[in-house]
Amino acid sequence: MKILVLGVGNVLYRDEAVGVKTVLKLQEEYVFPDNVKLMDGGTLGMQLMDELMSCDLAVIIDIVKGGYGPGTLYRLVGDDLRKSMSFSDSLHQTDLVDTLIYCDLAGHRPECVVIGVEPEDWKSLDLELSPKIAEAMPKLMAEVLKELEKHGVTYSKK
């Protein structure tokens with residue numbers, strides 16, 4: 001099974017960067033097998049089609065507007081995907097649900113899971129995460145690793 005771990009978000013807008021920062025931290029701290037690709041998806045939107053179509057499972061890390069307090073973690077699948085900022089009207093270039101629909105039309109739509117966190121501030125221009133989200137980041141990383149384990153992935157610390 002080919003797995004894509006995709007951190008999305010705009011690194012210029014405080015907590016909007018948590019997906020990208022989490023995937024970069026995972027790359028720094030862990031070694032994954034060849035069937036797992038970690039990628040900074042930034043705000044690429046439709047440009048992610050090739051990567052999404054080449055995997056069987058996409059684990060997407062993003063901020064999620066779920067209505068609970070900042071730092072709350074979420075695991076989204078199916079219809080709940082639109083709670084993820086990259087699956088709704090946001091700073092991302094396009095709605096990722098639309099991108100997945102195009103993948104389906106082109107012949108392959110991967111299984112998708114969003115591991116996300118409720119943001120504290122995703123609108124301010126700032127290169128640093130808000131304190132609550134920075135504090136939640138290790139738990140977010142642990143949830144991503146747990147999701148990979150569910151799919152038989154073994155990894156090691158560097």
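A brief look at the structure comes next.

Criteria and cut-off values
Residues numbered from 1 in each chain as written. Predicted model: local features only at pLDDT ≥ 70, side-chain atom pairs only at ≥ 80, totals over all residues. Heavy atoms only, no water. Salt bridge = Lys/Arg side-chain N within 4 Å of Asp/Glu carboxyl O. Helix = DSSP H or I, 4+ residues; strand = E, 2+ residues; numbered from the N terminus. Buried < 20%, exposed > 50% of the residue type's maximum accessible area, 1.4 Å probe, protein only. Polar contact = N/O pair within 3.5 Å; in protein donor to acceptor, adjacent residues only side chain to side chain. Expected span 1.5 Å × (residues − 1). Bend = angle between axes of the 7 residues up to and from the residue. Contact = heavy atoms within 4.5 Å. Core = buried A, V, L, I, M, F, W, Y, C linked by side-chain atoms within 4.5 Å. Pairing = 2+ DSSP bridges. Axes fitted to C-alpha atoms, helices over the stretch in contact; angles between N-to-C directions.

A few points about the pattern of salt bridges
If you walk through the whole model with that rule in mind, you get 8 salt bridges. Linking D126 and R14 is a salt bridge whose minimum nitrogen-to-oxygen distance equals 2.5 Å. Taken together, the positions of D126 in the loop between β6 (111-117) and α4 (131-150) and R14 in the loop between β1 (3-8) and α1 (18-29) put the pair 112 residues apart, joining distant regions of the chain. With a shortest N-O distance of 3.6 Å, K157 and E29 are connected by a salt bridge.

Structural notes on unusual backbone geometry
Leaving glycine out, the prevailing phi sign among residues is negative, and the prevailing peptide bond configuration is trans. With a phi angle near 30°, R14 is a residue other than glycine that sits in the positive phi range. Assessed through its relative accessible area of 17%, R14 is described here as buried.

A short note on the environment of S54
Checked against the element boundaries, S54 lands in the loop between α2 (49-53) and β4 (57-63). The class of S54 is partly exposed, set by a relative accessible area of 39%. Taking the C-alpha atoms as reference, S54 lies 7.6 Å from K2; in sequence the two are 52 residues apart. A distance of 3.0 Å separates a polar side-chain atom of S54 from the backbone oxygen of E51.

Considering α4
For α4, spanning 20 residues, the distance from its first C-alpha to its last is 30 Å, which sits close to the expected 28 Å at 1.5 Å a residue. Its maximal kink placed at M137, α4 deviates by approximately 40°, while the proline P138 follows within four residues. Those residues of α4 that sit buried are I133, A136, M137, L140, M141, V144, L145, E147 and L148. Contacts from the buried residues of α4 go to β1, α1, β2 (30-31), β4, β5 (73-76) and β6. Just past α4, the residue G152 takes up positive phi, approximately 80°.

Some points on the nonpolar core
I3, V5, L26, F32, V59, V144 and L148 are the most contacted members of the largest nonpolar core, which totals 28 residues. When contributions to this core are tallied by element, the ones reaching two or more residues are β1, α1, β3 (36-42), β4, β6 and α4. Top element by residues in this core is α4. It accounts for 8 residues. For L148, the residues in contact, after removing those within four places along its chain, are I3, V5, F32, V59 and V153. Formed by 17 residues, the second largest nonpolar core is a distinct cluster that contains L4, V8, C55 and V114.

Re the sheet that holds β5
Here 5 strands make up an open sheet; going across it, the order is β3-β1-β4-β6-β5 and the pairing mixed. The sheet is open, and its two edges are formed by β3 and β5, each paired on a single side. Each strand of the sheet is rotated relative to its neighbour by a mean of 20°, with strand direction disregarded. Inspection of the sheet shows β1 paired to β4 by 5 bridges, in the parallel sense. The residue bridging L6 from the neighbouring strand is I60, located in β4. Strands β1, β3, β4 and β6 of the sheet are contacted by α1, whose axis makes an angle of about 150° with β3. Along the sheet, α4 makes contact with β1, β4, β5 and β6, crossing β6 at roughly 160°.

Bear in mind that shape data such as this cannot, by itself, settle questions of function.
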